[in-house]
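Topology and contacts: notes
Spelled out from the first residue to the last, the chains are:
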Amino acid sequence: DDAFARAQGFEELSQLRRAVMEQAVAQKQTEAAEQFANDLIRQVLEGMEVQLPDAMVENQLDGLIQELRGHLESQGVKLEQYLEASGASMEDLRAHAREQAVSAARFELAMTEIARLEGIDVTEEDVEQKYGELSAQYQLSRDLLRQQLLPMRLRHDLKLARAQAIVVDSARRK
């Protein structure tokens, strides 16, 4: 009723309904755009004919294991405890994550090449701006973020994100 709508900051129920509907539509549009981008990148990766270096896959696998370790430790659990509780070995975990590591390596290779071909460059200013955004988003100091996400890694991630955006934008224009 209107009293409920006023409690939510609206003058009447119809305004609240309209706002909820607009938010739902915006959410669906965002989801559709993300799905489009994901499908497009998957097509690009599936079309790649490249032999991935084993070292690149192993590097991605190490990164995935480190991410899992960090996630678990943020919840007060050590990776070793997790493995013991799940009855798995480190080798089992690595085998389970290998397909994801291969996909990540293929993505990295493709986007790195697109970034090179497009002449994408990420400046120090771009990196600092992103640290500012992340600092505000996660309520963490820039210094702590720099320790957790090294500037060189952030610069690389921004470059790959820009390459992905170019792929998506060029497909939308067609």
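Look up: the structure comes first, before these words.
It should be emphasised that the depicted structure is a prediction, and the values quoted were computed from it without experimental measurement. (Residues numbered from 1 in each chain as written. Predicted model: local features only at pLDDT ≥ 70, side-chain atom pairs only at ≥ 80, totals over all residues. Heavy atoms only, no water.)

Okay, the overall build of the protein next. When helices and strands are tallied, the protein shows eight helices and zero strands. Secondary structure elements of the protein occur, N-terminal to C-terminal, as α-α-α-α-α-α-α-α. Evaluated residue by residue, the protein yields a buried proportion of 25% over its 174 residues. Element-wise, carbon and sulfur atoms account for 51% of the exposed surface of the protein, whose accessible area totals about 12300 Å². Within the protein, one finds 21 positive and 32 negative side-chain charges whose respective centroids are separated by 3 Å. (Helix = DSSP H or I, 4+ residues; strand = E, 2+ residues; numbered from the N terminus. Buried < 20%, exposed > 50% of the residue type's maximum accessible area, 1.4 Å probe, protein only. Areas by Shrake-Rupley, 256 points an atom, 1.4 Å probe, with all protein chains shown as cover. Lys, Arg positive; Asp, Glu negative; His and termini not counted. Charge placed at Lys NZ, Arg CZ, Asp CG, Glu CD.)

Attention now moves to the nonpolar core. Ranked by internal contacts, the top residues of the largest apolar core, which has 14 residues, are Ile41, Leu45, Ala110, Met111, Ile114, Ala163 and Val167. The contacts of Ala163, once residues within four sequence positions are left out, are Met111, Ile114, Ala115 and Ile120. In terms of nonpolar packing, the next biggest core, distinct from the first, is built from eight residues, Val57, Leu64, Ala97 and Ala105 among them. (Core = buried A, V, L, I, M, F, W, Y, C linked by side-chain atoms within 4.5 Å. Contact = heavy atoms within 4.5 Å.)

Turning next to the layout of surface pockets. Any space left empty among the atoms is revealed by the rolling of a water-sized probe across them. Looking at the largest pocket, its volume works out to about 930 Å³. Taken together, 27 residues make up the lining of the largest pocket; nearest its centre are Gln60, Gly63, Glu67, Arg153 and Asp157. If you list the elements that add at least two residues to the lining of the largest pocket, you get helix H2 (13–46), helix H3 (54–74), helix H5 (90–118), helix H6 (124–138), helix H7 (142–148) and helix H8 (151–173). For the lining of the largest pocket, the per-class residue count stands at 13 nonpolar, seven polar and seven charged. By volume, the second largest pocket amounts to about 160 Å³. Among the elements that line the lining of the second largest pocket, the one with the most residues is H8, at five residues. For the lining of the second largest pocket, a count of residues per class yields four nonpolar, no polar and two charged. (1 Å grid on protein atoms, 1.4 Å probe; cavity = no way out; pocket = protein on both sides within 12 Å on 5 of 7 lines; lining within 4 Å. Points joined across faces, edges and corners; volume = space filled by probe spheres on them. Nonpolar A, V, L, I, M, F, W, Y, C, P; charged D, E, K, R; others polar.)

This next bit is on the pattern of salt bridges. Evaluation of the coordinates by the stated rule reveals 15 salt bridges. Across the pair Glu46 and Arg42 runs a salt bridge whose closest N-O atoms are separated by 3.8 Å. Placement of the pair is Glu46 and Arg42 together in helix H2, with a separation of four residues, close to one helical turn. For Glu46, a relative accessible area of 56% gives the class exposed. Residue Arg42 is classed as partly exposed on the basis of its relative accessible area, which comes to 42%. Across the pair Arg155 and Glu124 runs a salt bridge, and its minimum N-O distance is 3.1 Å. Remark: Glu124 occurs in helix H6 and Arg155 occurs in helix H8; sequence separation between them is 31 residues. (Salt bridge = Lys/Arg side-chain N within 4 Å of Asp/Glu carboxyl O.)

Trans peptide bonds make up most of the peptide bonds, and negative phi angles are found at most residues other than glycine. Even without glycine at this site, Gln139 takes up a positive phi of about 55 degrees. You can see Gln139 is positioned in the loop between H6 and H7.

On to H5, then. For H5, which comprises 29 residues, the first-to-last C-alpha distance of 39 Å matches the rise-based estimate of 42 Å (1.5 Å per residue) to within 8%. At Arg98, H5 shows its maximal bend, which comes to roughly 45 degrees. Turning to H5, its buried residues number three or more, namely Leu93, Arg94, Ala97, Ala101, Ala105, Arg106, Glu108, Ala110, Met111, Ile114 and Ala115. Its buried side turned inward, H5 meets H2, H3, helix H4 (79–86) and H8. Downstream of H5 by a residue or two, Gly119 has a phi angle that is positive, lying close to 65 degrees. (Expected span 1.5 Å × (residues − 1). Bend = angle between axes of the 7 residues up to and from the residue.)

On the surface, Tyr138, Leu140 and Leu144 cluster together into a nonpolar patch covering about 260 Å² of accessible area. Along the chain, Tyr138 turns up in helix H6. On the basis of relative accessible area, Tyr138 is assigned to the partly exposed category, the value being 48%. (Patch = residues over 30% accessible without salt bridge, like charges linked within 9 Å, V, L, I, M, F, W, Y side chains within 5 Å.)

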